[in-house]
Amino acid sequence: MKTLKNMSKTSKTNFATYGMVIVVFAVLQLLGSDLIQRGGVLSPTLKGQLVPICAYVVMALSLNLTVGVLGELSLGHAGFMSVGAFSGTVAATALQNVIPSPGARLLAAVVIGAVFATVAGILIGIPVLRLGGDYLAIVTLAFGQIIKSLIENLYVGMDVNGLHFDFLENKIALAQGGKMIVNGPMGIPSIQKLSSFTAGFLLIMAALFVIFNLTNSRSGRAIMALRDNRIAAESVGINVTKYKLMAFVTSAALAGAAGTLFALGQNTLVASKFDFNTSILVLVFVVLGGLGRMWGSIIAAAALTILPEALRQFADYRMLTYAIMLILVMLCTNNPTLKSFFSSLAAKVKGSAKKGKAKGGEGK
């Protein structure tokens, strides 16, 4: 108890976030077990959404690192997700005979997807992060669209001689028994599913570990100093480019890992899935959950991924209802009157709890 009391508020929040993810995972695993599923507790539709939810949660966490912690607006985050998705899927297909174990192959694919997204993050981040504000947002949006266009014109085939690549036109001559993995605008027509809810849970925990350790380190404090006051941070010797690039590349790597997890849970994959709308959707998760609040991003990503399917019964009014609910939630969470009300309510609850403990101590 003494150790818990001596913990900082940030550490308590971090451990509470870990605990929330573990509890939700345990409950959903229990509800998804064969014994309980016969009772209809967890629908097949929701069970099929668990992997995409995990992927979007990691995407929201990674973007929150850029938007909430670094304080820079990025509108091309889906581009890094697409890099991880396609590179990870190609790697998983190419390693099918080398690594027969699905779990080990998924791990290798996630790592490769994250590495390729890291390289893309470095190549984009070096010129882009010299900008700021609206200019940075516009340039990242452009780079996101460029990445999508490049993937739409990429052809990858595999035969006994290894992988073959072509661009713009498919001129790949495969040996007998070879197959196309990425077929330009058609994307990847057939994917062996490797992703699972357990893998998604582990990736979320890994993302939280990376983000929390970064934000609580000396580098994390330098990144937040740049967010709060760039001029003051520069005046005390903080290297702006280094720390901005560190946060941006870490965010890109996590997005690439999320892309691989997402892709290996699908039957087919096309580059158009990772367009501007996906970047905006992930940004909505971050803003709705609260800038810098990782637990908020987790809840918002999970809720807003489930909500469209939950509203499917409303047919034509589904997206209208979804939009109205989004607006209402945003108004409520950013209303000063409601914020002060909930703050005073929380203070009263804490005060009554302390009084109860004091009375209990006097009774003893």
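Everything quoted here is computed from the prediction, not taken from an experiment. (Residues numbered from 1 in each chain as written. Predicted model: local features only at pLDDT ≥ 70, side-chain atom pairs only at ≥ 80, totals over all residues. Heavy atoms only, no water.)

Undergrad: Just to check I follow, could you spell out the packing of aromatic side chains for this structure?
TA: Two aromatic rings are characterised by how far apart their centres lie and by the angle between their planes. Across all of its chains, the model carries 9 aromatic pairs by this definition. Aromatic pair phenylalanine 25 and phenylalanine 201: ring centres 4.0 Å apart, planes at 10°, arrangement stacked. Placement of the pair is phenylalanine 25 in helix α2 (residues 9–31) and phenylalanine 201 in helix α8 (residues 197–215), with a sequence separation of 176 residues. What makes phenylalanine 201 buried here is its relative accessible area of 12%. With a centroid separation of 6.2 Å and an interplanar angle of 75°, the aromatic rings of phenylalanine 262 and phenylalanine 274 are classed as edge-to-face. Placement of the pair is phenylalanine 262 in helix α11 (residues 240–263) and phenylalanine 274 in the loop between α11 and α12 (276–289), with a sequence separation of 12 residues. A relative accessible area of 2% places phenylalanine 274 in the buried class. (Phe/Tyr/Trp six-rings, centres within 6.5 Å; stacked < 30°, edge-to-face > 60°. Helix = DSSP H or I, 4+ residues; strand = E, 2+ residues; numbered from the N terminus. Buried < 20%, exposed > 50% of the residue type's maximum accessible area, 1.4 Å probe, protein only.)

Undergrad: Help me out: how do you make sense of the side chain of threonine 140 in this one?
TA: Within the element layout of this structure, threonine 140 appears in helix α7 (residues 133–152). Residues in contact with threonine 140, not counting those within four places in the same chain, are Leu73, Ser74, Leu75, Gly76 and Val128. (Contact = heavy atoms within 4.5 Å.)

Undergrad: Mind showing me how you'd approach the environment of leucine 123 here?
TA: Here leucine 123 is to be found in helix α6 (residues 102–128). In the structure, leucine 123 is positioned 126 residues away from valine 249 in sequence and 9.5 Å away in space, judged by C-alpha atoms.

Undergrad: Quick question: what am I supposed to make of the pairing of strand β1 (residues 154–159) here?
TA: The side chains of a regular strand alternate between the sheet's two faces. Along β1, 5 of the 6 residues are buried, which leaves the element largely enclosed by surrounding structure. In this sheet, strand β2 (residues 162–167) lies alongside β1 in antiparallel orientation, the contact comprising 6 bridges. Bridge assignment links tyrosine 155 to a residue of β2, and that residue is aspartate 166. (Pairing = 2+ DSSP bridges.)

Undergrad: Can you walk me through the pattern of salt bridges in this structure?
TA: Opposite charge on two side chains permits them to pair, given that their charged atoms come into close proximity. Evaluation of the coordinates by the stated rule reveals 5 salt bridges. We note a salt bridge from glutamate 152 to lysine 148, for which the minimum N-O separation is 3.5 Å. Residue glutamate 152 and its partner lysine 148 are located together in helix α7, separated by 4 residues, close to a single helical turn. For lysine 148, a relative accessible area of 13% translates into the label buried. Its salt-bridge partner being aspartate 228, residue arginine 227 comes within 3.1 Å of it at the nearest N-O pair. A residue is classified by how much of its surface remains accessible, and aspartate 228, at 58% relative accessible area, is exposed. (Salt bridge = Lys/Arg side-chain N within 4 Å of Asp/Glu carboxyl O.)

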